[in-house]
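Close look at the chain arrangement
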Amino acid sequence: MDLKNFIKSLSIVHLLLLGVLVVITIWVIYKVNSFNSNTTIEGMLLYVVPLFAMVGYFGSQWIFKKMISSIQIESSLEDKLRKYKSALQLKYTLIEIPAFIGLFAYNNSGNALPLVISICLIAYLAVQRPNKGNIIKSVPLTSAEQAKIEKA
């Protein structure tokens, strides 16, 4: 497995997911073109969006840590990176879905709360960018594997 291509492919997937969310956010803001803070309009969505955002944020961290903790140090580097990739993609998905729900709620109601929550989730997703340091910090690696990743 070529480590440079592995990290590059993870970065491309991350950038695409982030880019789609940013483009949709800009489009929805342009389309709605108003903000309100009325809590009586579309009341159910205003309660569901923060709930989904919390579940997405905390759930993504919990599931990521749980999946990473199942990686055995004796496994091959390729197997470890494959499991890391799966955990990372699930983490991104659990952040992205509540952001889409918030954008949908803002599109339907014009209420700024779901939009702000979605923008916060998008910012959180942006800082989750994959890199060598995150792999070394997250995945249980031998010293030889760690050196191999640092060289890549």
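Look a little higher up for the structure.
This one's a predicted model, so the numbers in the text were calculated from it and none came from an experiment. (Residues numbered from 1 in each chain as written. Predicted model: local features only at pLDDT ≥ 70, side-chain atom pairs only at ≥ 80, totals over all residues. Heavy atoms only, no water.)

Quick word on the overall build of the protein
A count of helical and extended segments in the protein gives 6 helices and 0 strands. The helix and strand sequence of the protein, counted from the amino end, reads α-α-α-α-α-α. Within the protein, the proportion of its 152 residues that are buried is 39%. Accessible surface computed for the protein: about 8700 Å², of which carbon and sulfur atoms make up 66%. (Helix = DSSP H or I, 4+ residues; strand = E, 2+ residues; numbered from the N terminus. Buried < 20%, exposed > 50% of the residue type's maximum accessible area, 1.4 Å probe, protein only. Areas by Shrake-Rupley, 256 points an atom, 1.4 Å probe, with all protein chains shown as cover.)

Describing the environment of isoleucine 135
Here isoleucine 135 is to be found in helix α5 (residues 132-138). Taking the C-alpha atoms as reference, isoleucine 135 lies 16 Å from leucine 125; in sequence the two are 10 residues apart. With sequence-adjacent residues up to four places away left out, isoleucine 135 is seen in contact with Phe6, Ile7, Leu81, Tyr84, Leu141 and Ile149. (Contact = heavy atoms within 4.5 Å.)

Observations regarding the side chain of glutamate 145
Within the secondary structure layout, glutamate 145 lies in helix α6 (residues 143-151). Overall, the relative accessible area of 11% leaves glutamate 145 in the buried class. In this structure the side chain of glutamate 145 is engaged in a polar contact, spanning 2.6 Å, whose partner is the side chain of lysine 80. At 3.0 Å, the side chain of glutamate 145 forms a polar contact with the backbone nitrogen of threonine 142. Excluding residues that lie within four positions of it along the chain, glutamate 145 makes contacts with Ser75, Ser76, Leu77, Lys80 and Pro140. (Polar contact = N/O pair within 3.5 Å; in protein donor to acceptor, adjacent residues only side chain to side chain.)

Let's talk about the side chain of asparagine 111
Among the structural elements, asparagine 111 can be located in the loop between α3 (77-109) and α4 (112-127). Looking at asparagine 111, the relative accessible area reads 3%, which means it is buried. Within the local environment of asparagine 111, its side chain forms a polar contact with the backbone nitrogen of leucine 113, the two atoms lying 2.9 Å apart.

Digging into the nonpolar core
In this structure, Phe6, Leu81, Tyr84, Ile135 and Ile149 are the most contacted members of the largest nonpolar core, which totals 37 residues. Beyond its immediate sequence surroundings of up to four residues, tyrosine 84 is in contact with Phe6, Leu10, Phe64, Ile68, Ile71, Asn134, Ile135, Ser138 and Val139. (Core = buried A, V, L, I, M, F, W, Y, C linked by side-chain atoms within 4.5 Å.)

Looking at the packing of helix α1 (residues 3-32) against α3
At a closest axis distance of 11 Å, the pairing of α1 and α3 adopts a crossing angle of 0 degrees. Taken together, the axis directions place α1 and α3 in an arrangement best described as roughly parallel. Tallied by class, residues from the contact of α1 with α3 come to 19 nonpolar, 3 polar and 3 charged. (Axes fitted to C-alpha atoms, helices over the stretch in contact; angles between N-to-C directions. Parallel < 35°, antiparallel > 145°, perpendicular 65-115°, else oblique. Nonpolar A, V, L, I, M, F, W, Y, C, P; charged D, E, K, R; others polar.)

What to know about unusual backbone geometry
Apart from glycine, the bulk of residues carry a negative phi angle, and the bulk of peptide bonds sit in the trans form. A positive phi is found at asparagine 33, a non-glycine position, where the angle reads about 55 degrees. Turning to its location among the elements, asparagine 33 is positioned in the loop between α1 and α2 (43-69). On the basis of relative accessibility, which here comes to 64%, the residue asparagine 33 falls in the exposed class.

What about the pattern of salt bridges?
Tallied over the full model, the rule gives 3 salt bridges. Across the pair aspartate 79 and arginine 82 runs a salt bridge, and its minimum N-O distance is 2.2 Å. Of the two residues, aspartate 79 and arginine 82 are both situated in helix α3; the distance of 3 residues between them amounts to about one turn of the helix. We classify aspartate 79 as buried; its relative accessible area is 17%. (Salt bridge = Lys/Arg side-chain N within 4 Å of Asp/Glu carboxyl O.)

Points about the environment of glycine 59
Looking at where glycine 59 falls in the secondary structure, it is placed in helix α2. Classification of glycine 59 as buried rests on a relative accessible area of 18%. Here the alpha-carbon distance between glycine 59 and isoleucine 95, two residues 36 residues apart in the chain, equals 8.7 Å. Ignoring sequence-local partners within four residues, the contact set of glycine 59 consists of Met54 and Leu94.

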